[in-house]
Amino acid sequence: MAAHLSYGRVNLNVLREAVRRELREFLDKCAGSKAIVWDEYLTGPFGLIAQYSLLKEHEVEKMFTLKGSRLPAADVKNIIFVVRPRLELMDIIAENVLSEDRRGPARDFHILFVPRRSLLCEQRLKDLGVLGSFIHREEYSLDLIPFDGDLLSMESEGAFKECYLESDQTSLYHAAKGLMTLQALYGTIPQIFGKGECARQVANMMIRMKREFTGSQNSIFPVFDNLLLLDRNVDLLTPLATQLTYEGLIDEIYGIQNSYVKLPPEKFAPKKQGDGGKDLPTEAKKLQLNSAEELYAEIRDKNFNAVGSVLSKKAKVISAAFEERHHAKTVGEIKQFVSQLPHMQAARGSLANHTSIAELIKDVTTSEDFFDKLTVEQEFMSGIDTDKVNSYIEDCIAQKHPLIKVLRLVCLQSVCNSGLKQKVLDYYKREILQTYGYEHILTLYNLEKAGLLKPQTGGRNTYPTVRKTLRLWMDDVNEQNPTDISYVYSGYAPLSVRLAQLLSRPGWRSIEEVLRILPGPHFEERQPLPTGLQKKRQPGENRVTLIFFLGGVTFAEIAALRFLSQLEDGGTEYVIATTKLINGASWIESLMEKPF
C-alpha cells in the first residue's frame, strides 16, 4: 500500500492495486524465470505502480533496457519485452530476437504492449519474420497512473502535439479508456462538463463505450459527483508563464520526472571539518517528491516567497524536540523520546534537503535575469505593451539565450494579444531564424498551427475581455496567506482553474460571453444512475470533481486547485487527471522539430 495515495476523499490505492493485479496475472502466465526488456520511457511510470520487489516475487531475475543488437546474457526461461506500440521499437525487438544464439538453451519470448496492442506493430514484426517467436502478445492498459492522493497522469509525452498538430486521437481514446476504468472502480460519474474540441470527443467516446458495454449495470456507489474535461488549447497562456510555487519552480529549474528530481550534488554533501572540499560527490542527488513526506506536502503548493518562513519555523520546532532529551529523566520519558527518534531524524533529514533545494532555487530567483524575465511576463499578462516588439526579447535573441526561453516569451506575448501584428510577427521570426538557424522554421510552423504564435486575425484583441471578466489579473496578491488562486503566479490566476472555480459556483451560465470567445464548444452531459445509487449529500459535505486536462497540466495549476479544495466554504474538492505533467519548457520542446 502507498499511504500517500489514500489520504484524500478518493482512495487512489484502489486503482494502483487494480493495475498491479493485472501485471501480476500477466507475469504468472509466463511460467519460470524471467528477464524483462524495458522500453526506457516506461521505466519511470512503472516505478510508480510496481517496485522491483513485486517483480522479484514473480520470478523476474534480470532487467535490461531495450537496445539494438544482441540481448545481454541471462540464464532465464522467459524474455518479456515491455514496450509502447512504436514501429521503431519493433525493429529493435526483431534485431534482438534474430540475434538470439541458437546454440544456447531455447528461451520463450513474450511481448506486452503498453497501453494498447497495435496491428501495425504486429504487422511490422511479421514482415521482419519474428512474430511467430512470441508466445504471448498482450496489452497492459496502464492509462492513468496515480502520482499522489489527488493526482493521476497518463504520462503520454506527445499527447498535445498529436491532438492539435497531427489530428491523431489515439491519446484521447486512451483518456476515455482510463476514465471508463475509473468509473468501473469508483462508480459512474453523474455529470460531465467540458470545454474544447478534444473534450467533446472524449465525452463522445465515453458515452459510446458505455453504450457498447451494456452487459452489466455499474452498481458501485459513485465517488465523483462531476467530471470536467478541459482542452489545453482553451488556456494556452498558463503553461507559458513561469510558475512561482515551490514545486513549480523545482520543475521549472530542474524538471520533475515521475515524481523524482535530480539535483546538483554539492549542496547535499555532508560537511566535514578540515576537508577543504575534497571528494565532492559527482552523481546527481535524486529525491522523490510526493505528499508521503510531511514537510513537502506542507510547502509544495506555497508561493516560493512564503517557503522560507515555514522552513525556519520547522527548524525551531525540530531543534526544540531534540532538546527534550536533556529533560527526559525517568525510564518512561527516555523510552518515549527514543520511540519518537526515527520520526524526528526523518523530519530533520527532510528539512535539510528542502533547505538545500530552497537555497538552489533562491540563487536563480534572485538573479537579475530572472527578475527581468518575470517583469516582462507580468506586463504581458496584465496587458501592457503586448502589441509591439519587446526590447527584452530582442536582447535575449541578440545574446543567444536558450531558444526555448525566447519562444516561451514570444508565444506568451502572442497569446496575450490574441496573435501578433503581422509586422511584429515577421520581425520575431526573422530574428529567431537568423540567430538560431533556419532549421527552426518547422518549429515556428508548429507553434503557429498550435495557436501559440500566430498573426492577429480580425484585428481585435479579445484577451482583455477574457482577463477582466474572469479576473485573471489581481494587483494585490497576498503570497504569505493567499485569498485567491492568483498567488501561484504572483498576480495571474490560471484561466483553466478560474473556469473550474466558476463552474462550481455560480455555474458557467454567468460567463457565456467569455466561453464563446475561448476556442471549442462547451457542453454538459448527464449519465443516468440506477435507482438506489443517487447521492444524497449531507449538509456541509463537499462535492468531488474530477478535472481532466487534455494536453497537459502544470504544477502551479495543481497547486491552485488544491487551494480551492481546502477553502472552508469552497464546496468542491478536486482530483486532477492529465495526459502529461508539463511545464513551459517541456511543452514547447514537445512541439519543436528536431533538426536532422
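It should be emphasised that the depicted structure is a prediction, and the values quoted were computed from it without experimental measurement.

Below, the discussion takes up the overall build of the protein chain. Check the secondary structure of the protein chain and you find 22 helices and 15 strands. Each principal axis of the C-alpha distribution contributes one length, and for the protein chain these read about 75 × 70 × 65 Å. In the structure as shown, the protein chain presents an accessible area of about 27800 Å², 52% of it carried by carbon and sulfur atoms. Treating the 74 positive side-chain charges of the protein chain as one cloud and the 77 negative ones as another, the clouds have centres 3 Å apart.

Moving on, we come to the packing of aromatic side chains. Considering all chains together, one arrives at 13 aromatic pairs under this definition. Aromatic pair Phe 46 and Tyr 140: ring centres 5.5 Å apart, planes at 35 degrees, arrangement tilted. A residue pair is termed long-range when its members are at least 10 positions apart, and Phe 46 in helix 2 (residues 40-47) and Tyr 140 in the loop between strand 5 (134-139) and strand 6 (145-148) qualify at 94 residues. Just as Phe 46 is buried, Tyr 140 falls in that class too. Residues Tyr 246 and Phe 304 carry aromatic rings whose centres are separated by 6.4 Å and whose planes lie at 5 degrees to one another, so their mutual orientation is stacked.

Within a sheet, neighbouring strands are paired by backbone hydrogen bonds and run either parallel or antiparallel to one another. Judged by pairing direction, the sheet is parallel, and its 5 strands sit side by side in the order 2-1-3-4-5 without closing on themselves. Of all strands in the sheet, those with a lone pairing partner are strand 2 (60-65) and strand 5, marking the two edges. Neighbour-to-neighbour, the strand axes of this sheet turn through a mean angle of 20 degrees, independent of strand direction. With 6 bridges joining them, strand 3 (residues 78-83) and strand 4 (residues 108-113) adopt parallel strand pairing. Considered in strand 4, the bridge of Ile 80 is made with His 110.

On the surface, a cluster of negative charge is contributed by Glu 25, Asp 28, Glu 59, Glu 61 and Asp 75. Positionally, Glu 59 belongs in the loop between helix 3 (52-57) and strand 2.

Moving on, we come to the pairing of strand 9 (residues 226-231). Within strand 9, 6 of the 6 residues are buried, which leaves the element mostly enclosed by the surrounding structure. Of the two faces of strand 9, both are covered, the one formed by Asn 226, Leu 228 and Leu 230 as well as the one formed by Leu 227, Leu 229 and Asp 231. Of the strand pairs in this sheet, strand 8 (residues 191-195) and strand 9 are connected by 5 bridges, and their pairing is parallel. In the strand pairing of strand 9, Phe 193 is matched with Leu 228.

This brings us to the nonpolar core. Counting 167 residues, the largest nonpolar core has Phe 46, Leu 229, Leu 452, Leu 499 and Phe 548 as the members making the most contacts within it. When sequence neighbours within four positions are dropped, the list of residues in contact with Phe 548 reads Leu 144, Met 154, Ala 175, Leu 179, Leu 227, Leu 228, Leu 229, Leu 230, Ala 577, Thr 578 and Thr 579. If you look at the next biggest cluster of nonpolar residues, it comprises 23 residues, including Phe 64, Ala 94, Phe 113 and Leu 131.

Turning our eyes to something else, we now look at the sheet that holds strand 12 (residues 285-288). The 3 strands lie next to each other as 10-11-12, forming an open sheet whose pairing is antiparallel. Each edge of the open sheet is held by one strand with a lone partner, namely strand 10 (256-257) and strand 12. Sheet analysis places strand 11 (residues 260-263) next to strand 12, joined by 4 bridges and oriented antiparallel. From the neighbouring strand, Tyr 260 faces strand 12, where its bridge partner is Gln 288.

Looking along the chain, the bond that leaves Val 114 and enters Pro 115 is cis, with omega of 0 degrees. Non-glycine residue Asn 258 carries a positive phi angle of around 50 degrees. The residue Asn 258 is located in the loop between strand 10 and strand 11 in this model. One non-glycine residue, Ser 259, adopts positive backbone phi at about 65 degrees. With respect to the helices and strands, the residue Ser 259 is situated in the loop between strand 10 and strand 11. Take Ser 259: its relative accessible area is 7%, and that puts it in the buried class.

Time to look at the side chain of Glu 155. Residue position: Glu 155 is located in the loop between strand 7 (151-153) and helix 6 (159-164). Exposure remark for Glu 155: the relative accessible area of 6% places this residue in the buried category. Leave out the neighbours within four places in its chain, and Glu 155 touches Tyr 41, Pro 45, Phe 147, Asn 258, Thr 579, Lys 580 and Leu 581.

With respect to the helices and strands, Glu 293 occurs in the loop between strand 12 and helix 10 (294-299). Salt bridges are absent for the buried Glu 293, whose nearest opposite-charge side chain, Arg 300, sits at 9.0 Å. At 2.6 Å, the side chain of Glu 293 and the side chain of Ser 350 are in polar contact. What Glu 293 contacts, discounting residues up to four positions off in sequence, is Gln 288, Ser 350 and His 354.

Side chains that carry opposite charge are capable of pairing whenever their charged atoms lie near each other. Under the counting rule described, the total for this entry stands at 33 salt bridges. With a closest N to O distance of 3.0 Å, Lys 77 and Asp 108 form a salt bridge. Taken together, the residues Lys 77 in the loop between strand 2 and strand 3 and Asp 108 in strand 4 connect sequence positions 31 residues apart. Note that Arg 232 and Asp 235 form a salt bridge whose closest N and O atoms lie 3.2 Å from each other. We classify Arg 232 as buried; its relative accessible area is 2%. When its relative accessible area of 2% is taken as the criterion, Asp 235 is described as buried. What emerges from the salt-bridge pattern is a single network uniting Asp 148, Asp 150, Glu 247, Arg 300, Asp 301 and Arg 562.

This part covers the state of the cysteines. Counted by the stated rule, this structure contains 0 disulfides. Of all cysteine sulfurs in the structure, the one in Cys 198 sits closest to Cys 163, which takes part in no disulfide; the separation is 4.4 Å. Here Cys 416 is not cross-linked by a disulfide; its sulfur's nearest cysteine counterpart is in Cys 411, at 11 Å.

Cut-offs and rules
Residues numbered from 1 in each chain as written. Predicted model: local features only at pLDDT ≥ 70, side-chain atom pairs only at ≥ 80, totals over all residues. Heavy atoms only, no water. Helix = DSSP H or I, 4+ residues; strand = E, 2+ residues; numbered from the N terminus. Areas by Shrake-Rupley, 256 points an atom, 1.4 Å probe, with all protein chains shown as cover. Lys, Arg positive; Asp, Glu negative; His and termini not counted. Charge placed at Lys NZ, Arg CZ, Asp CG, Glu CD. Phe/Tyr/Trp six-rings, centres within 6.5 Å; stacked < 30°, edge-to-face > 60°. Buried < 20%, exposed > 50% of the residue type's maximum accessible area, 1.4 Å probe, protein only. Pairing = 2+ DSSP bridges. Axes fitted to C-alpha atoms, helices over the stretch in contact; angles between N-to-C directions. Patch = residues over 30% accessible without salt bridge, like charges linked within 9 Å, V, L, I, M, F, W, Y side chains within 5 Å. Salt bridge = Lys/Arg side-chain N within 4 Å of Asp/Glu carboxyl O. Core = buried A, V, L, I, M, F, W, Y, C linked by side-chain atoms within 4.5 Å. Contact = heavy atoms within 4.5 Å. Polar contact = N/O pair within 3.5 Å; in protein donor to acceptor, adjacent residues only side chain to side chain. Disulfide = S-S within 2.5 Å.

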